[in-house]
Amino acid sequence: MSPFFNALTSASAVSLLSLVGIASLPFSEESLKRITFILVSLATGALFGDAILHILPEVFRRSEHTLHSSLWVLTGILASFMFEKFLRWKDHHELEHVHTIKPVGRIILLSDGLHNLMDGILIGASFQVNRDVGIATTLAVALHELPHEIGDFGVLIDSGYSKGRALVFNFFCACIAIAGVFVAFGFQSGLQSFPWIALPLTGGSFLYIAGSNLTPELQKEYAPIRSLIQCIAMMAGVGLMVWLLVRE
């Protein structure tokens, strides 16, 4: 089989991980909302761990200009802040509609879309090297994405999306990885600098989401037992990122 077909198949398989939320369908939305604080905690730890342990070290290890990379990280944080401001302003002025979706839901879809595009480009580029490298990269991306997809589903539910809409939006967002494969094979010569812009932007966006959106939500919980569960789930999210780093 051709490298392109292998890469396309691999990216499609990774995209299907976003449907992990199907496991929640037997539960009522009220039951699901009672445990979303655990998923949000897991997502918080995974986003912090992904940005600090995976994305930023990779950026600064490969970058010849750390100042440029640092500025792109700050741009990711500032852009996420401005995007959230726009969403809040838009919701505030559209008074004729009732808005129940928190801005963090739309921000995480946008930043995850960029992240999934990068994953698709990475898978496509690795299969251009050889089949073994492509398979290894696909496995790494799959292991890396699974905790994210579980956490993202919880965040979307917590943001006000129904289970069905959360599944659909998460799936379409994941399918952007397939577009990344087409980008990798269609623009091979022009992609040398793109990852070193997209990666720090994604890292900055993840830091913003975890620090300014998800953590304040978790701080609204005061019950000792539930707070302890939150801490354990956050540490589990970070622990998953550490485990993946060791495996890689």
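Note that this is a predicted model, so its numbers are computed, not measured.

A. How the structure looks around the overall build of the protein. Across its full length, the protein carries nine helices and zero strands. Counting helices and strands in the order they occur from the N terminus, the protein gives α-α-α-α-α-α-α-α-α. With 248 residues in all, the protein has 43% of them scored as buried. Considering only intrachain contacts with a sequence separation of at least 6, the fraction spanning at least 24 residues in the protein is 85%. For the protein, the exposed surface amounts to about 12600 Å²; the carbon and sulfur share of it is 71%.

B. Highlighting helix α6 (residues 163-174). Helix length check: α6 (twelve residues) gives 16 Å between terminal C-alpha atoms against 16 Å at 1.5 Å per residue, within 8%. For α6, the complete set of buried residues consists of Lys163, Ala166, Leu167, Asn170, Cys173 and Ala174. Buried residues of α6, seen end-on, are gathered within an arc of 135° and therefore sit on one face of the element.

C. Focus on the packing of aromatic side chains. By the definition in use, this model includes four aromatic pairs. Relative to Phe185, the ring of Phe4 lies with its centre 5.4 Å away and its plane at 85°, an arrangement referred to as edge-to-face. Residue Phe4 is located in helix α1 (residues 3-15), and its partner Phe185 is located in helix α7 (residues 176-186); the two are separated by 181 residues in the primary sequence. Taking 6.1 Å as the distance between ring centres and 55° as the angle between the ring planes, the aromatic pair formed by Phe171 and Phe172 counts as tilted. Among the aromatic residues, ring-to-ring pairing joins Phe4, Phe182 and Phe185 into one connected group. Taking NZ or CZ as reference, Arg226 lies 3.9 Å from the ring centre of Phe37, over its face.

D. Highlighting the environment of Val238. Within the element layout of this structure, Val238 appears in helix α9 (residues 224-247). In this structure, the C-alpha to C-alpha distance between Val238 and Gly45, residues 193 residues apart in sequence, is 4.7 Å.

E. Up close: the state of the cysteines. Summed over all chains, the structure comprises zero disulfides. No disulfide involves Cys173; its sulfur sits 9.3 Å from that of Cys175, the nearest cysteine. Classification of Cys173 as buried rests on a relative accessible area of 5%. Judged by its relative accessible area of 21%, Cys175 is partly exposed.

F. Layout of the nonpolar core. Core analysis: the largest hydrophobic core is formed by 31 residues, its most contacted members being Leu47, Val155, Ile209 and Leu214. Where this core is concerned, the elements lending two or more residues are α2 (29-62), α4 (103-129), α5 (131-159), α6 and α8 (195-218).

G. Inspection of the pattern of salt bridges at higher detail. Counted by the stated rule, this structure contains three salt bridges. For the salt bridge of Arg61 with Glu58, the shortest nitrogen-to-oxygen distance reads 2.5 Å. Placement of both Arg61 and Glu58 in helix α2 is noted, with a separation of three residues, approximately one turn of the helix. Judged by relative accessible area, Arg61 falls into the exposed class, the value being 57%. Of the charged contacts in the structure, one is a salt bridge between Lys220 and Glu217, with a shortest N-O distance of 2.9 Å.

H. Spotlight on a nonpolar patch on the surface. Together, Ile35, Ile38, Ile225 and Ile229 make up an exposed nonpolar region whose accessible area comes to about 320 Å². Mapped onto the nonpolar patch, the elements with two or more residues apiece are α2 and α9. Tracing the backbone through its elements, the reader meets Ile38 in helix α2. Ile38 gets classed as partly exposed once you look at its relative accessible area, which sits at 31%.

I. View of the environment of Leu156. Relative to the assigned elements, Leu156 resides in helix α5. For the pair Leu156 and Ala166, spaced ten residues apart in the sequence, the C-alpha separation amounts to 5.8 Å. Excluding residues that lie within four positions of it along the chain, Leu156 makes contacts with Gly105, Ile108, Leu109, Tyr161, Ala166 and Asn170.

J. Expanded view of the environment of Gly160. You can see Gly160 is positioned in the loop between α5 and α6. Put simply, Gly160 and Ile101 are 59 residues apart on the chain and 4.8 Å apart in space, counted from C-alpha to C-alpha.

K. Up close: the confidence of the model for the protein. On average, residues of the protein score 80 in pLDDT, and 83% of them reach the 70 mark or higher. Of all the helices and strands in the protein, α5 carries the lowest mean pLDDT, 74, while α1 carries the highest, 89.

Cut-offs applied
- Residues numbered from 1 in each chain as written.
- Predicted model: local features only at pLDDT ≥ 70, side-chain atom pairs only at ≥ 80, totals over all residues.
- Heavy atoms only, no water.
- Helix = DSSP H or I, 4+ residues; strand = E, 2+ residues; numbered from the N terminus.
- Buried < 20%, exposed > 50% of the residue type's maximum accessible area, 1.4 Å probe, protein only.
- Contact = heavy atoms within 4.5 Å.
- Areas by Shrake-Rupley, 256 points an atom, 1.4 Å probe, with all protein chains shown as cover.
- Expected span 1.5 Å × (residues − 1).
- Arc of directions from axis to C-beta.
- Phe/Tyr/Trp six-rings, centres within 6.5 Å; stacked < 30°, edge-to-face > 60°.
- Lys NZ or Arg CZ within 6 Å of the ring centre and 35° of its normal.
- Disulfide = S-S within 2.5 Å.
- Core = buried A, V, L, I, M, F, W, Y, C linked by side-chain atoms within 4.5 Å.
- Salt bridge = Lys/Arg side-chain N within 4 Å of Asp/Glu carboxyl O.
- Patch = residues over 30% accessible without salt bridge, like charges linked within 9 Å, V, L, I, M, F, W, Y side chains within 5 Å.
- pLDDT = per-residue confidence, 0-100.

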